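So the chains spell out like this:
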Amino acid sequence: MTNLIGNTTRRSFDTTADQVFSLGGELPVRRIGFGTMRLTDERPADPAAAPVWRGPVDRDGALAVLRAAVGLGVDLVDTADAYALGESEELVAEALHPYREGVVVATKVGVVRPAPDAWVPLGHPAYLRQQAELALRRLRVDRLDLLQLHRIDPEYPLADQIGALAQLRDEGKVRHIGLSEVTVGQLREADAITPIASVQNMYNLGFRQHEAVLDYATERSIAFIPFFPVAMGAHAGPDGPVAEIARELGATPAQTALAWLLHRSPVVLPIPGTTSVAHLRENVEALDVRLNAEQLARLSDLEPAPEGA
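Here the structure is a predicted model, which means the values were calculated and not measured.

### A few points about the environment of A251
Part 1 of the reasoning: Relative to the helices and strands, A251 resides in the loop between α8 (241–249) and α9 (253–264).
Part 2 of the reasoning: C-alpha separation for the pair A251 and R290, spaced 39 residues apart in sequence, amounts to 10.0 Å.
Part 3 of the reasoning: Other than its neighbours up to four places away in sequence, A251 contacts A246, T256 and V289.

Quick look at the structure:
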């Protein structure tokens, strides 16, 4: 199989402050990453119900996309032990190991998958430690760059769940700790226990229920990693406001939506996923899209989806 790292033209990046963020204050990454969730099996129309149960049908194609991402300058790759029951982590290692210097791999623990449509939080500290050990093996590393608690389990004290990850960090098996789908109160509580480097919540032009979390993350220089960053709902139509601004910019609607996220706060690190090298390149090039103040205001003024939609 062709290794796309050697055959993809590497982008020349202007590594200014607005294109680079230091994760945990010391790990610089470019602000468009890559999420691996979409590389697993086919998903239904509703992304919230995504099975993400088996490895990709086109395994060679998935490996090619991962290699192309690194070839195009992406250095933040996000996965989880719950994606295809660990196969996603194995896929990342198969594609990218030995990892190029500067490539940061983030993974998540804390969710079990008893069935294709089930995502069940499990925060028992021993389970979290076990899954971290398995992630180390599957990713073929001695230390996880970023280990995120996939969901907080209400059955166990948050201090115990965060404490398990902090112990792994103290043992040298984890570099930075993150959270996913949390409130400001939960983020603040966790941050008081141990430094939190990232928070990964759903957030995009059409879904902005986590504005307060983003504001807290911005104040604390915590990376905010929005998943489903390109979803735009009714705004995404060919005659919609996003497409109108995209035409003004000479960009695509997806690039415009990603550019809005990058302008929203300097701590935002979108991780759009795709199975297409062409779409991957399109997403990465959003780093070069510059919105003026009027365009930024028009996008920011769009009505987001109602709470609970």
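### Description of the environment of L258
Part 1 of the reasoning: Along the polypeptide, L258 turns up in helix α9.
Part 2 of the reasoning: When near neighbours in sequence (up to four residues on either side) are disregarded, L258 contacts I32, P229, V230, P270, P272, N283 and A286.

### Thoughts on the pattern of salt bridges
Part 1 of the reasoning: With the rule as written, the count across this model stands at 17 salt bridges.
Part 2 of the reasoning: Between E26 and R175 there is a salt bridge, with the nearest N and O atoms lying 2.8 Å from each other. Residue E26 is located in the loop between β1 (20–23) and β2 (27–30), and its partner R175 is located in strand β9 (residues 174–180); the two are separated by 149 residues in the primary sequence.
Part 3 of the reasoning: Among the charged side chains, a salt-bridge network with shared partners connects R129, E133, E171 and K173.

### Topic: helix α5 (residues 158–170)
Part 1 of the reasoning: The end-to-end C-alpha separation of α5 is 18 Å, in line with the 18 Å expected for 13 residues at 1.5 Å each.
Part 2 of the reasoning: Buried within α5 are the following residues: L158, Q161, I162, A164, L165, A166 and L168.
Part 3 of the reasoning: In the stretch just after α5, G172 is the one whose phi turns positive, near 85°.

### Comments concerning the nonpolar core
Part 1 of the reasoning: Among the nonpolar cores identified, the biggest contains 86 residues, and L187 and F224 are the most heavily contacted of them.
Part 2 of the reasoning: Sort the elements by how many residues they give to this core and helix α2 (residues 59–71) lands first, with seven residues.

### Section: unusual backbone geometry
Part 1 of the reasoning: Of note, the amide linkage connecting H97 to P98 takes the cis form, showing an omega dihedral of 0°.
Part 2 of the reasoning: Relative to the helices and strands, P98 is located in the loop between α3 (87–96) and β5 (104–109).
Part 3 of the reasoning: You will see that A84, though not glycine, has its phi angle at about 55°, which is positive.
Part 4 of the reasoning: Tracing the backbone through its elements, the reader meets A84 in the loop between β4 (76–78) and α3.
Part 5 of the reasoning: One non-glycine residue, S221, adopts positive backbone phi at about 55°.
Part 6 of the reasoning: Inspection of the secondary structure puts S221 in the loop between α7 (211–220) and β11 (223–224).
Part 7 of the reasoning: We classify S221 as partly exposed; its relative accessible area is 48%.

### Observations regarding the sheet that holds β11
Part 1 of the reasoning: Pairing in this open sheet of seven strands is parallel, and the strands run β3-β4-β5-β8-β9-β10-β11 from one edge to the other. Looking at the sheet topology across the chains shown, the edges are occupied by β3 (34–35) and β11.
Part 2 of the reasoning: For β9 and strand β10 (residues 198–200), the ladder comprises three bridges, and the chain directions are parallel. Residue pairing for β10: G178 is matched across the bridge by S198.

### So, the pairing of β5
Part 1 of the reasoning: Within β5, six of the six residues are buried, which leaves the element mostly enclosed by the surrounding structure.
Part 2 of the reasoning: Every second residue of β5 is oriented toward a common face, with V104, A106 and K108 on one face and V105, T107 and V109 on the other, all of them buried.
Part 3 of the reasoning: The sheet contact formed by β4 and β5 spans three bridges and is parallel. Looking at β5, one finds that L76 is bridged to V104.
Part 4 of the reasoning: The parallel pair β4 and β5 is bridged by α3, and the resulting crossover is right-handed.
Part 5 of the reasoning: Where β5 meets strand β8 (residues 144–149), four bridges bridge the pair, whose relative direction is parallel. Considered in β8, the bridge of K108 is made with Q148.

### Topic: the packing of helix α6 (residues 184–193) against α7
Part 1 of the reasoning: Packing of α6 against α7 leaves a shortest axis separation of 9 Å and a crossing angle of 30°. It follows from the interaxial angle that α6 and α7 lie roughly parallel. In this structure, α6 uses V184, L187, R188 and D191 to contact α7, whose residues at the interface are A212, V213, Y216 and R220.
Part 2 of the reasoning: Tallied by class, the residues present in the contact of α6 with α7 amount to five nonpolar, no polar and three charged.

### Description of the side chain of R208
Part 1 of the reasoning: Following the sequence through the fold, R208 ends up in the loop between β10 and α7.
Part 2 of the reasoning: Buried charge without a partner: R208 forms no salt bridge, and the closest opposite charge is E211, 4.6 Å away.
Part 3 of the reasoning: Within the local environment of R208, its side chain forms a polar contact with the backbone oxygen of S300, the two atoms lying 2.8 Å apart.
Part 4 of the reasoning: When neighbours within four sequence positions are excluded, R208 is seen to be in contact with Y203, W260, L299, S300, L302 and P304.

Criteria and cut-off values
Residues numbered from 1 in each chain as written. Predicted model: local features only at pLDDT ≥ 70, side-chain atom pairs only at ≥ 80, totals over all residues. Heavy atoms only, no water. Helix = DSSP H or I, 4+ residues; strand = E, 2+ residues; numbered from the N terminus. Contact = heavy atoms within 4.5 Å. Salt bridge = Lys/Arg side-chain N within 4 Å of Asp/Glu carboxyl O. Expected span 1.5 Å × (residues − 1). Buried < 20%, exposed > 50% of the residue type's maximum accessible area, 1.4 Å probe, protein only. Core = buried A, V, L, I, M, F, W, Y, C linked by side-chain atoms within 4.5 Å. Pairing = 2+ DSSP bridges. Right-handed = clockwise from strand over helix to strand, strands pointing away. Axes fitted to C-alpha atoms, helices over the stretch in contact; angles between N-to-C directions. Parallel < 35°, antiparallel > 145°, perpendicular 65-115°, else oblique. Nonpolar A, V, L, I, M, F, W, Y, C, P; charged D, E, K, R; others polar. Lys, Arg positive; Asp, Glu negative; His and termini not counted. Polar contact = N/O pair within 3.5 Å; in protein donor to acceptor, adjacent residues only side chain to side chain.

Interpretation in functional terms is not warranted from these geometric data alone.
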